[in-house]
Amino acid sequence: MRSLLRHRLFVVLFVLALALRVLAMVAFSPAVWFDDSFEYVGVAERMQPYPVRPSGYSMLLRLMRPLHSFGAVVAVQHLMGLATGAMVYALLRRRLSGARPVWAVLAAVPVLFDAYQIFFEHAVLSDVLFAFLVTAAVTVVLWSPRVSPGRAAAAAALLAAATLTRSIGLMLLPLLAGHLLLTRSGRRALLVAVVAVAVPLGGYAAWYASWHGSPGLNGGSGVWLWARTMPFADCARIKPPADDAVLCPEQPLGSRRGSPHFIWSDWSPLRKVPGRPVVARADLFQPGIDDLAGRFARRAIAAQPLDYLGLVAEDLGRTMGWRRGASPGSAPIAYNRYAFPNVTRPLPDDVRIPGGSIHEDLWAYERGRAATRLTDPAGPLVRAYQTYVFLPGTVFGVLVVAAMVAYGAAVRARRAAAVPAALPLAAGLALVVAPVVVAAYDSRYWLPAVPLLCLALAFAAIGRAGEACGPRQAARAPAPAHASG
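If you're wondering where the values come from, they're calculated on a predicted model, not measured in any experiment. (Residues numbered from 1 in each chain as written. Predicted model: local features only at pLDDT ≥ 70, side-chain atom pairs only at ≥ 80, totals over all residues. Heavy atoms only, no water.)

**So, the UniProt feature "transmembrane region" (unreviewed entry) in the protein chain**
So, point 1. Residues annotated by UniProt as "transmembrane region" (unreviewed entry) correspond here to residues 67-92, 124-143, 155-177, 189-209, 389-410, 417-439 and 445-463.
So, point 2. Helix makes up 70% of residues 155-177 and strand 0%, whereas the separation of the span's terminal C-alpha atoms amounts to 11 Å.
So, point 3. Split by type, residues 445-463 is 74% helix and 0% strand. Its first and last C-alpha atoms lie 29 Å apart. (UniProt positions renumbered as here; feature names shortened; annotations may be inferred. Helix = DSSP H or I, 4+ residues; strand = E, 2+ residues; numbered from the N terminus.)

**Observations concerning the packing of aromatic side chains**
So, point 1. Tallied over the full model, the rule gives 20 aromatic pairs.
So, point 2. With a centroid separation of 5.0 Å and 85° between ring planes, the pair formed by Trp33 and Phe70 is classed as edge-to-face. Here the residue Trp33 occupies a position in the loop between strand 1 (28-29) and helix 3 (37-45), and Phe70 occupies one in helix 5 (residues 70-95), the gap between them amounting to 37 residues. This pair shows no difference in class: Trp33 is buried, exactly as Phe70 is.
So, point 3. Arranged with centres 5.2 Å apart and planes meeting at 80°, the rings of Phe119 and Phe120 form a pair that is edge-to-face. Note on accessibility: Phe119 and Phe120 belong to one class, buried. (Phe/Tyr/Trp six-rings, centres within 6.5 Å; stacked < 30°, edge-to-face > 60°. Buried < 20%, exposed > 50% of the residue type's maximum accessible area, 1.4 Å probe, protein only.)

**Re the pattern of salt bridges**
Once their charged atoms are close, side chains differing in charge can pair, the charge on each being opposite to the other.
So, point 1. The tally for this structure, following the rule as stated, stands at 20 salt bridges.
So, point 2. Notably, a salt bridge pairs Arg444 with Asp36, separated by 3.4 Å at the nearest N-O pair. Of this pair, Arg444 sits in the loop between helix 20 (418-438) and helix 21 (449-462) while Asp36 sits in the loop between strand 1 and helix 3, placing them 408 residues apart in sequence. Comparing Arg444 with Asp36, the two get one shared label, buried.
So, point 3. Through salt bridges that share partners, Asp35, Asp36, Glu39, Arg53, Asp127, Arg166, Arg281, Asp350, Arg352 and Arg444 make up one connected network. (Salt bridge = Lys/Arg side-chain N within 4 Å of Asp/Glu carboxyl O.)

**Some details on the confidence of the model for the protein chain**
So, point 1. For the protein chain, the mean per-residue pLDDT works out to 90, and 92% of the residues sit at or above 70.
So, point 2. Contacts from residues 329-334, a stretch scored under 50 in pLDDT, to residues over four places away or in other chains number 13 contacts. (pLDDT = per-residue confidence, 0-100. Contact = heavy atoms within 4.5 Å.)

See the structure below:
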């Protein structure tokens, strides 16, 4: 009871956040659907290393399949969202022991109450699992100034699981190694972290090779980069060889839609590569097409580097937009929206994963109807909440800039707080920038960066030498002279 009283403000907000999620589950049963959801379920029904994206989230669905309930899946995801907010609060209370508790509460608020966070928790998508795993890894690493071998292994395993959920997690692995070196955690901690990463990723790569002929986590890096160049690619300037010219965009400059549209549309040039028939969506990422697309993309970037950088800068600027939603130019389909629905729509019934249609896969998993069912008056209440209570892109942009400025100030002042701030700041920035460099802009992609940047800002702006760790760990904290890295 005394512990609850010490954390009473956070407990009250946590209960309110839980009530919002219960309301969403009552309003929209069993889940809400996004276009990618049907592939995740299809892979879970016929477990395989999917070429389009790693199959880690489908493995979670497979583990929960005996429950035959998408409602149970979203309930677990809602708990993951709540746990992510709780980790932000707990880590800051522990490491910023001399700061006012309200700062830790404020840092957790965006995760607990952002309506889009709640929406993605309620969708059959990998984003919340990925964010939970990354935040858990950062929490384990930063729990005390010096990282023990056991905690290093646990954090590395969590990041490996995140990478098997979304391949962008690969970018976070060197950041973990850098933190272990910065905090002088020792060779043993670094070694066990490497092993904890290599075993699951190596095992998955071998499984992938048994299906697709070569090791990997997923295919299509060339296809994604090719699509990234499509909004600006000018074949008159690129001058591709005859074999590559089949991938030239047909639409004139200025009238082209967003990058993902060039992959998934029925008219995609990827479907016209000679000798490479496309029957299922995964066929778009087959090695022959992927190699050709990668060559084209590299030529396009080399011929038009300023256009490429301009597109990246433009899409980073979109992050600052007030409203949030799907990527510009995305296909106008019913299940590609980032909002709780206001009407009941039939689910599509095409084949995504060979061996069964969407309808068959969802019915087999749920043992019943999986289409979203709306309940009044809970539904209108949740939709109204999403209209007014969310983290606007503009505020997110301010969070990014504020975290960077505060970290710079902490480094210049040689504060010990700069050390714990470095990892979540670097990870958060990587998760914001990398998608627009190699794939496309989408406000959905920066969802996992929110808790990391809140942690970075709190550490850098609030922490002071002697406050950046718990009282019993202060003696083991790195000397301020090392804070600048």
